[in-house]
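Structure assessment
The chain contents come next:
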Amino acid sequence: MGKTHKPLTPKFPHMLHGGDYNPEQWLDAPEILEKDIELFRQAHINCVSLGIFSWANLEPQKDVYTFDWMDSIIDRLYKNGIYTILATPSAARPQWLAQEYPEVLRVDSQGRRHFFGERHNHCYTAPAYRERVRQIDTMLAKRYASHPGVILWHISNEFGGECHCPLCQQAFREWLKDKYGTLDKLNHSWWTSFWSHTYTDWSQIHSPSEMGETSIHGLALDWRRFVTHQTIDFMKAEIAAVKAVDPTIPVTTNMMEMHADELNYFAFAEHLDVISWDNYPCWHMPNWQEGTACQQSITHDMMRSLKHQPFLLMESTPGTTNWHGVSKLKKPGMHTLSVVNAIAHGADSGQYFQLRQSRGGCEKFHSAVISHAGTANTRTFREVAQTGRILEALSEKLYGSDTPAETAILMDTENKWALSQCRGPRNDGLDYYGNIRNNYHYFWKNGIHVDFVDSTYDLSGYRLVIAPMLYMFRRGMSEKLRQFVRDGGTLITTCFTGVADENDLCFLGEATEEKLSDVLGLWIEEVDALYSHETNRMVWDGKTYSLYELCEIARPTACTCEILSTYEEDFYRGMPALTRNRFGQGEAYHLCATAGQDFFDAFYEKLASEMKLERAMQTAVPAGVSLTWRENETQKWIFVQNFGDAPANLTLNQSYTDLLTGEPYRKNLVVDGLSFAIITPSSS
Ligand code: GLA
Ligand code: ZN
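Keep in mind the model is a prediction, meaning the values are calculated, not measured.

**Section: the site of ligand 1**
All residues in the neighbourhood of ligand 1 are listed as Phe53, Arg119, Asn157, Glu158, Asp278, Tyr280, Glu315, Trp323, Phe353, Glu363 and His366. Here an oxygen atom of ligand 1 and a side-chain polar atom of tyrosine 280 are 3.5 Å apart. A distance of 2.3 Å separates an oxygen atom of ligand 1 from a polar atom in the side chain of glutamate 363. For the shell around ligand 1, the residue count by class is 4 nonpolar, 2 polar and 5 charged.

The structure is reproduced here in structure tokens:
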């Protein structure tokens, strides 16, 4: 059985239900602020995220602080049983600050310094910005850290983007000097003799730009690493400021979905006490509802894996998302199901942007728990309140419970950066995340837990490791994978794996250990890229599957390498498409081409049953349904979620009890469309 993780804070060891609250927009309307508290209580809200965009109201002029309004809000919330997640306000600066210190404004890759405006766009390097942020963070911590209602620091908001100003250029050069020591080493690592781009002085180094250098891939990779480093450095300075006052309040920063991969979130994890993220899926897309559910579950699983502990769903929309191409309403049930899905994958909260809808500005049509109507009498409000009641019930049983996984999928941000800049073999697109999703889908549907880890994480605790399109082997990666298989693990690799090192320099030689040829039992001689309308085919386990994007021409090098399937078409017809090699105590499968979800569903069904991977339960899972579970020392709770519109019927192999209703299920369980059941094996 599993374990229970330590609570986020002893002040409130329960699941959180709440969201971003912007009372600074309503300071001249005390009756509205009063009513908010009453409505929060009706909506079963137990926390708010406060102060994210309040800087201009907290420090209206340089060194003039006005905290009174925040004092009374935090006090009033606390008296009503509502806790505060307090933000540092660095995500949006006041006008006066940018006017006095123009260097805090970002410079883009074309060298243009931006005007004041928008948000999330300051220079992470500028000492003036860091100092003003340190001051306000310290003031906030001194005033509020000991407040019994303040439970968590929300550091800034959705870090992202990059700055190309002279200060950042200088910091980048220093970072490179630290990394390489000498220009010779840098030139060699970046292969700058190509096109005569050799650097002869550190000052010649400039960040990548469409007006300058994009052809040196080592430079581009190091720039992305530097941007992550500098953002983390900025975040760490904020954390240090608040922790210097009171080290007991935990810290988080709200991340975005994995497609916002300009930052490497895996590198952030060790600096945060709890991971949180903002989830805005496009529900109800024609023929893609299950795809949406699967996609957001990947990010939930990744967020859980970052620290191998429960995470927070810091933001999600109670209704529509105004920045989507189309602001689709959520159909009845969808909101609750979407929050429950986060819990099912290891979250200990359901939080929203936003609690009260703003009246003006560009987010006035983003939905909120309290709409412009200002009433509890809306469909959205009622569903939020219902969600709050459900979270209270779940919290009692599931708070801090575990989501253990025997399988890991490698999802490496640096690999994604390297793949995105490749010119060839297929500039018309290599769908790294699509490949990951196709590999994940079977596990997601059938209740087999998956962690998402990057190349720096320990693999030794897993039984199955899947490395889709792991083009770049960062330092030590081939040895790590070799050890994993040698020790008895099962490894799956797919085409375009182990091609280049961490500087994006291609590995040399035929079959080499660097490329993992000994473990896979083969080497790749050529790669054919397919036009978008073109497919090849393979037959596996009696069925035919289409192959897309890339087809490798592989040569087996070990007599232990079994050819499980071959290409059906083209001049490489009859050559290996799928292989398995026994190595040490384990085995490694290699798929030489890109396959679709149909193949991976069938392949993993066979493999998961051969390996007897732990499942939520043994049953045939109907269309639209996904299973998962959470467990603690004594109980296992299975989430049956139906993302389809029609009711789904599951056959049960034993009796279960419903967590919310106490109802027993003996032979079968019917779950309505856009609904869920959380069940536990009955004791007798
Ligand atoms: C992000 C931000 C919020 C808000 C929402 C709207 O997640 O953090 O401030 O803009 O998007 O969806
Ligand atoms: Zn800068």
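**As for a nonpolar patch on the surface**
Together, Trp191, Phe194 and Trp195 make up an exposed nonpolar region whose accessible area comes to about 380 Å². The topology assignment puts phenylalanine 194 in the loop between α7 (183–190) and α8 (217–245). For phenylalanine 194, a relative accessible area of 37% corresponds to the partly exposed category.

**Side note on the sheet that holds strand β27 (residues 675–681)**
Read across the sheet, 5 strands follow the order β21-β22-β27-β24-β25 without closing on themselves; strand pairing throughout is antiparallel. The strands lining the two open edges of the sheet, one partner per strand, are β21 (625–631) and β25 (664–665). Taken strand by strand, helix α10 (residues 334–344) contacts β21, β22 (636–642) and β27, and its axis lies near 145° from that of β22.

**Considering the domain arrangement of the protein chain**
On domain assignment, one finds that the protein chain holds domain 1 (16–180 + 234–398) and domain 2 (407–611). Here the C-alpha centre of domain 2 lies 37 Å away from the C-alpha centre of domain 1. Our count for the domain 1 to domain 2 interface comes out at 1 salt bridge. At the junction of domain 1 with domain 2, the criterion picks out 10 residue pairs in polar contact (both at pLDDT 80 or more). Of all the elements, helix α9 (residues 289–307) adds the most residues to the side of domain 1 that touches domain 2, at 12 residues. Residue classes in the side of domain 1 that touches domain 2 are distributed as 11 nonpolar, 8 polar and 5 charged.

**Structural notes on the coordination of the zinc ion (ligand 2)**
Binding of the zinc ion (ligand 2) to the protein goes through Cys123 (SG), Cys163 (SG), Cys165 (SG) and Cys168 (SG), at separations of 2.3 Å. Classification of the site at the zinc ion (ligand 2) rests on its 4 donor atoms, whose angles at the metal span 101 to 116°, yielding the label tetrahedral.

**Quick word on the layout of surface pockets**
Volume-wise, the largest pocket comes out at about 720 Å³. In terms of lining, the largest pocket is formed by 26 residues, of which the most central are Phe53, Ala92, Glu118, Arg119 and Glu363. A per-element tally of the lining of the largest pocket places helix α2 (residues 55–58) first, with 3 residues. Its residues assigned to classes, the lining of the largest pocket comprises 9 nonpolar, 12 polar and 5 charged. Taken as a whole, the second largest pocket spans an internal volume of roughly 600 Å³. Lining the second largest pocket are 26 residues, with Glu257, Tyr280, Pro281, Trp323 and His324 sitting closest to its centre. Contributions of two or more residues to the lining of the second largest pocket are made by β7 (276–279) and α9.

**With respect to the packing of helix α3 (residues 68–79) against helix α5 (residues 127–144)**
With their axes 12 Å apart at the nearest point, α3 and α5 run at an angle of 45° to one another. Classified by the angle their axes make, α3 and α5 are oblique. For α3 against α5, the interelement crossing comes out right-handed. Contacts from Asp68, Met70, Asp71 and Ile74 in α3 reach Leu140, Arg143 and Tyr144 in α5.

**Details of the pairing of strand β15 (residues 536–540)**
On β15, burial follows the alternation: Asn536, Met538 and Trp540 on one face are buried, whereas Arg537 and Val539 on the facing-out side are not. Two elements, β15 and strand β16 (residues 543–556), share 5 bridges in a ladder whose sense is antiparallel. Paired with tryptophan 540 across the two strands is lysine 543, which belongs to β16. In this structure, the hairpin formed by β15 and β16 is closed by a connection of 2 residues, where aspartate 541 is found at a positive phi of approximately 55°.

**What about unusual backbone geometry?**
In the segment running from phenylalanine 353 into glutamine 354, the intervening peptide bond is cis, with an omega of 15°. Topologically, glutamine 354 is positioned in the loop between β9 (349–352) and α11 (379–398). Residue glycine 424 is joined to proline 425 through a cis peptide bond whose omega torsion reads 0°. Within the secondary structure, proline 425 is located in the loop between α12 (413–421) and α13 (432–445). The backbone phi angle of histidine 120 is positive, close to 50°, even though this residue is not glycine. Tracing the backbone through its elements, the reader meets histidine 120 in the loop between α4 (95–100) and α5. Histidine 120 gets classed as buried once you look at its relative accessible area, which sits at 16%.

**Some words on the packing of aromatic side chains**
Within the structure shown, the criterion is met by 39 aromatic pairs. Both rings, one in phenylalanine 443 and one in tyrosine 604, keep their centres 4.8 Å apart while their planes meet at 50°; by these two values the pair is tilted. You can see phenylalanine 443 sitting in helix α13 and its partner tyrosine 604 sitting in helix α16 (residues 597–611), a full 161 residues away along the chain. Residues tyrosine 567 and tyrosine 572 carry aromatic rings whose centres are separated by 4.9 Å and whose planes lie at 80° to one another, so their mutual orientation is edge-to-face. Residue tyrosine 572 is classed as buried on the basis of its relative accessible area, which comes to 1%.

**Some thoughts on the nonpolar core**
Ranked by internal contacts, the top residues of the largest apolar core, which has 192 residues, are Trp153, Ile205, Leu306 and Phe599. When residues in this core are grouped by element, the largest group, 10 residues, is from α8. Counting residues domain by domain, this core receives three or more from each of domain 1 (16–180 + 234–398) and domain 2 (407–611). In this structure isoleucine 205 touches Gln169, Phe172, Arg173, Leu176, Leu183, Leu186, Trp190, Tyr199 and Leu219, once residues within four positions along its chain are discounted. Counting 17 residues, the second-largest nonpolar core is a separate cluster that includes Ala616, Val625, Ile638 and Val671.

Here is what the cut-offs are and how they apply
Residues numbered from 1 in each chain as written. Chains lettered and ligands numbered in written order. Predicted model: local features only at pLDDT ≥ 70, side-chain atom pairs only at ≥ 80, totals over all residues. Heavy atoms only, no water. Near = heavy atom within 4 Å. Polar contact = N/O pair within 3.5 Å; in protein donor to acceptor, adjacent residues only side chain to side chain. Nonpolar A, V, L, I, M, F, W, Y, C, P; charged D, E, K, R; others polar. Patch = residues over 30% accessible without salt bridge, like charges linked within 9 Å, V, L, I, M, F, W, Y side chains within 5 Å. Areas by Shrake-Rupley, 256 points an atom, 1.4 Å probe, with all protein chains shown as cover. Salt bridge = Lys/Arg side-chain N within 4 Å of Asp/Glu carboxyl O. Helix = DSSP H or I, 4+ residues; strand = E, 2+ residues; numbered from the N terminus. Buried < 20%, exposed > 50% of the residue type's maximum accessible area, 1.4 Å probe, protein only. Pairing = 2+ DSSP bridges. Contact = heavy atoms within 4.5 Å. Axes fitted to C-alpha atoms, helices over the stretch in contact; angles between N-to-C directions. Domains from an automatic or database assignment. Donors = N, O, S within 2.8 Å, 3.2 Å for Na, K, Ca; no water. Tetrahedral: all angles 85-135°; square planar, octahedral: opposite > 155°, others 65-115°. 1 Å grid on protein atoms, 1.4 Å probe; cavity = no way out; pocket = protein on both sides within 12 Å on 5 of 7 lines; lining within 4 Å. Points joined across faces, edges and corners; volume = space filled by probe spheres on them. Parallel < 35°, antiparallel > 145°, perpendicular 65-115°, else oblique. Left-handed = near helix turned anticlockwise from the far one by under 90°. Phe/Tyr/Trp six-rings, centres within 6.5 Å; stacked < 30°, edge-to-face > 60°. Core = buried A, V, L, I, M, F, W, Y, C linked by side-chain atoms within 4.5 Å.

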